[in-house]
Amino acid sequence: MRIGLYPGTFDPITMGHIDIIRRASAFLDRLVIGVAINRDKGPLFDLDERVAMIEAECVSLSEQTGIEIVVHPFENLLIDCARDVNATIIVRGLRAVADFEYEFQMVGMNRALDDSVETVFLMAEARHQAIASKLVKEIARLGGDVSKFVTAPVRQALIKKFDPSK
């Protein structure tokens, strides 16, 4: 069984993340979405909210792709998380060259820690390359339309975060 781990903060999950999940599903039997508990980043959505959003988005993706997609919060080293979920592949999405430089360093460190776990990079589709959770949150905070970047339920969650009266 080919088990992959797609780690991230997912604050919030975007169309870019969903694109990577869908495409990674083509070569895996099981995909674990590793939701990082990164207290230093100070996420907008708490862990339970992020997990719930991802689980809701992945129900239809799992049905469409025919693979099991599960959500797994983690706060340890990525390589230890991969071991915890029996993943032999780490899936990473790339948007630009700057992403690759950082990810290249991470692969080197992860390989030094455990060379049995491979990393696979998937380039975001062109229409999703500009999408970053940080930018989506900023647009939503300033009252802009994020419907091109996130699904309708995530858009509603963003609106509620920045305008609790809605």
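Before reading on, note that the structure itself is shown above.
Caption draft 1: A look at the packing of helix α1 (residues 15-24) against helix α2 (residues 47-65). For the pair α1 and α2, interaxial distance at closest approach is 10 Å and the crossing angle is 30°. Relative to α2, the element α1 is oriented roughly parallel. Crossing geometry of α1 relative to α2 is assigned as right-handed. Two secondary-structure elements touch here, α1 through I18, I21 and R22 and α2 through E57, C58, L61, Q64 and T65. Grouping the constituent residues of the contact of α1 with α2 by class yields 4 nonpolar, 2 polar and 2 charged.

Caption draft 2: Here's a closer look at the nonpolar core. Counting 30 residues, the largest nonpolar core has I21, L31 and I33 as the members making the most contacts within it. The next biggest cluster of nonpolar side chains, apart from the first, holds 13 residues, and it includes L5, I79, C81 and V85.

Caption draft 3: Molecular detail of the packing of aromatic side chains. One pass over the structure, following the stated rule, counts 3 aromatic pairs. Arranged with centres 5.3 Å apart and planes meeting at 80°, the rings of Y6 and F10 form a pair that is edge-to-face. Side by side, Y6 and F10 carry an identical accessibility label, which is buried. Aromatic side chains F100 and F121 sit 5.8 Å apart centroid to centroid with 65° between the ring planes, which places their arrangement in the edge-to-face category. With F100 in helix α4 (residues 97-113) and F121 in strand β5 (residues 118-123), the pair connects residues that are 21 residues apart, well separated along the chain. Look at F100 and you get partly exposed, because its relative accessible area is 36%. Note on F121: relative accessible area 28%, which makes it partly exposed. Cluster of aromatic residues (ring-pair linked, three or more members): F100, F104 and F121.

Caption draft 4: A look at the side chain of R50. Mapped onto the secondary structure, R50 falls in helix α2. Of the buried charged residues, R50 lacks a salt bridge, with D11 as the closest side chain of opposite charge at 4.6 Å. Here the side chain of R50 touches T9 through a polar contact of 2.9 Å, landing on its backbone oxygen. Excluding its chain neighbours within four sequence positions, the residues that come into contact with R50 are T9, F10, D11, V35, A36, P43 and F45.

Caption draft 5: Quick peek at the packing of α2 against helix α6 (residues 152-162). It is the contact of α2 with α6, at a shortest axis distance of 10 Å, that shows an interaxial angle of 160°. Between α2 and α6, the crossing angle belongs to the class labelled roughly antiparallel. The residues of α6 that touch α2, namely those facing E49, M53 and E57, are P153, V154, A157 and K161. A per-class count over the contact of α2 with α6 returns 4 nonpolar, no polar and 3 charged.

About the cut-offs
- Residues numbered from 1 in each chain as written.
- Predicted model: local features only at pLDDT ≥ 70, side-chain atom pairs only at ≥ 80, totals over all residues.
- Heavy atoms only, no water.
- Axes fitted to C-alpha atoms, helices over the stretch in contact; angles between N-to-C directions.
- Helix = DSSP H or I, 4+ residues; strand = E, 2+ residues; numbered from the N terminus.
- Parallel < 35°, antiparallel > 145°, perpendicular 65-115°, else oblique.
- Left-handed = near helix turned anticlockwise from the far one by under 90°.
- Contact = heavy atoms within 4.5 Å.
- Nonpolar A, V, L, I, M, F, W, Y, C, P; charged D, E, K, R; others polar.
- Core = buried A, V, L, I, M, F, W, Y, C linked by side-chain atoms within 4.5 Å.
- Buried < 20%, exposed > 50% of the residue type's maximum accessible area, 1.4 Å probe, protein only.
- Phe/Tyr/Trp six-rings, centres within 6.5 Å; stacked < 30°, edge-to-face > 60°.
- Lys, Arg positive; Asp, Glu negative; His and termini not counted.
- Salt bridge = Lys/Arg side-chain N within 4 Å of Asp/Glu carboxyl O.
- Polar contact = N/O pair within 3.5 Å; in protein donor to acceptor, adjacent residues only side chain to side chain.

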